[in-house]
Amino acid sequence: MRLPSLPKPPVPKRFQDKPARPGDADKIHPLEQVKEAGISAADWVDERTALSGGLRWVMFRKVPKGTNWFYTLGSATLFAFLSQAVTGVVLAMYYTPSPTQAYESARHITNDVFLGEFVRGMHKWGSSVMVILIFLHMGRTFFFGAYKYPRELNWIIGVVLVILTFVMSLTGYLLPFDQRSYWATIVAANINGTGPLVGPYLSDFLRGGADFGATTLSRFYAIHMLLVPGLIAALIGAHLYLVAKLGTTAPPWLRADVDEKLREEQV
Ligand code: HEM
């Protein structure tokens, strides 16, 4: 039995269509005008750069059946990195990488700067979040077999990204220059020194000489805020290029659809 349809709710007067008046057809609604302006601006840029082709290539990709929440871990890691970059830039505006002023400038950020404690907290906790997310993303790609042909190179780039993320954690830990960060970094540099062959050279490089001194802090700062973030950003670019080019792997529990026609041809 078909139920009688409910009466439509009354439309408020200001939303009702107004009877057309002569000349109305030439008038364009302000929202339409804004849309038009946006489209012409985008067209202007596109005509000169042909960027829309690349954008379409990145955005309109085939996604395998069964794609689920686990596939968001890569983007979550990317978001954590971007958050670290933004909060890091804000911190760099107030931080001084000198052995005599580093501790005081960090204290100043926490106690005096507007929202300083919040931004410093975001950067500190964000670093742990990024490490956790990168591991979860790595686990997802491993257990879904995404490291296999043809994505081996993307896995290798990922391994370098994980190492660089650790370098960020190590170099960032020294920057507050309090007792804990100072002694923990000495321990870390000494452990590096025990590595085979390259170990002693690596720890000399990290310390900026045979001893832990004033150059160590500025070296860690340069590595932390210039060298490694630049490398990470470039490698993320290559990583995402390969994701867009190769597409993502289907979940391992999905079996490929059997193409009956193809099967008949093979028999
Ligand atoms: C800064 C760190 C990283 C970022 C921002 C990042 C970002 C992404 C994004 C957005 C995707 C596509 C969506 C997804 O599958 O989640 C992806 C895919 C992938 N990532 Fe990463 N990733 C990072 C680190 C790593 C690491 C450490 C590994 C492994 C060692 C890795 C291996 C892969 C692989 C193999 C794929 C392809 C997945 C598939 O085909 O299903 N990534 N990554």
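As shown above, the structure is provided for reference.
Here is what the cut-offs are and how they apply
Residues numbered from 1 in each chain as written. Predicted model: local features only at pLDDT ≥ 70, side-chain atom pairs only at ≥ 80, totals over all residues. Heavy atoms only, no water. Helix = DSSP H or I, 4+ residues; strand = E, 2+ residues; numbered from the N terminus. Buried < 20%, exposed > 50% of the residue type's maximum accessible area, 1.4 Å probe, protein only. Donors = N, O, S within 2.8 Å, 3.2 Å for Na, K, Ca; no water. Tetrahedral: all angles 85-135°; square planar, octahedral: opposite > 155°, others 65-115°. Phe/Tyr/Trp six-rings, centres within 6.5 Å; stacked < 30°, edge-to-face > 60°. Near = heavy atom within 4 Å. Polar contact = N/O pair within 3.5 Å; in protein donor to acceptor, adjacent residues only side chain to side chain. 1 Å grid on protein atoms, 1.4 Å probe; cavity = no way out; pocket = protein on both sides within 12 Å on 5 of 7 lines; lining within 4 Å. Sits in = over half its atoms within 2 Å of the grid points. Nonpolar A, V, L, I, M, F, W, Y, C, P; charged D, E, K, R; others polar.

Enquirer: When you look at the environment of Leu 226 in this model, what are you seeing that I'm missing?
Expert: Within the secondary structure, Leu 226 sits in helix H9 (residues 214–246). The exposure class assigned to Leu 226 is exposed, which follows from its relative accessible area of 59%. Separated by 145 residues in the primary sequence, Leu 226 and Phe 81 place their C-alpha atoms 14 Å from one another.

Enquirer: Can you walk me through the coordination of the iron atom of the ligand in this structure?
Expert: Coordination angles at a metal have ideal targets, namely 109.5 degrees for four tetrahedral donors and 90 or 180 degrees for six octahedral donors. At 2.0 to 2.1 Å from the iron atom of the ligand lie its protein donor atoms, namely His 137 (NE2) and His 239 (NE2). Taken together, the six donor atoms coordinating the iron atom of the ligand and their angles of 86 to 179 degrees define a geometry best described as octahedral. Remark: His 239 occurs in helix H9 and His 137 occurs in helix H5 (residues 116–143); sequence separation between them is 102 residues.

Enquirer: I'm lost on the packing of aromatic side chains in this one. Help?
Expert: Each aromatic ring pair is specified by the distance between its two centres and by the angle formed by the two planes. This model, assessed by the stated rule, comprises 13 aromatic pairs. Centroid distance Phe 135 to Phe 166: 6.0 Å. Interplanar angle 35 degrees. Geometry classified as tilted. With Phe 135 in helix H5 and Phe 166 in helix H6 (residues 152–174), this pair connects stretches of sequence that are 31 residues apart. On the basis of relative accessible area, Phe 135 is assigned to the partly exposed category, the value being 43%. Given the relative accessible area of 38%, Phe 166 is considered partly exposed. Ring geometry for Phe 142 and Tyr 147: centres 5.3 Å apart, planes at 20 degrees, overall stacked. By relative accessible area, Phe 142 is classed as partly exposed at 40%. What links up through ring pairs into an aromatic cluster is the set Phe 70, Tyr 71, Phe 144 and Trp 253.

Enquirer: Explain the site of the ligand to me, please; I cannot follow it from the model alone.
Expert: Surveying the vicinity of the ligand reveals 25 residues, the closest of which are Tyr 71, His 137, Arg 140, His 239 and Thr 249. At 2.8 Å, a side-chain N or O of His 137 approaches a nitrogen atom of the ligand. Between the ligand and Arg 151 there is a distance of 3.0 Å, counted from an oxygen atom to a side-chain nitrogen or oxygen. When each cavity is represented as a set of grid points, the ligand is found to reside in the second largest pocket. A per-element tally of the shell around the ligand places H5 first, with six residues. Partitioned by chemical class, the residues of the shell around the ligand number 13 nonpolar, 10 polar and two charged.

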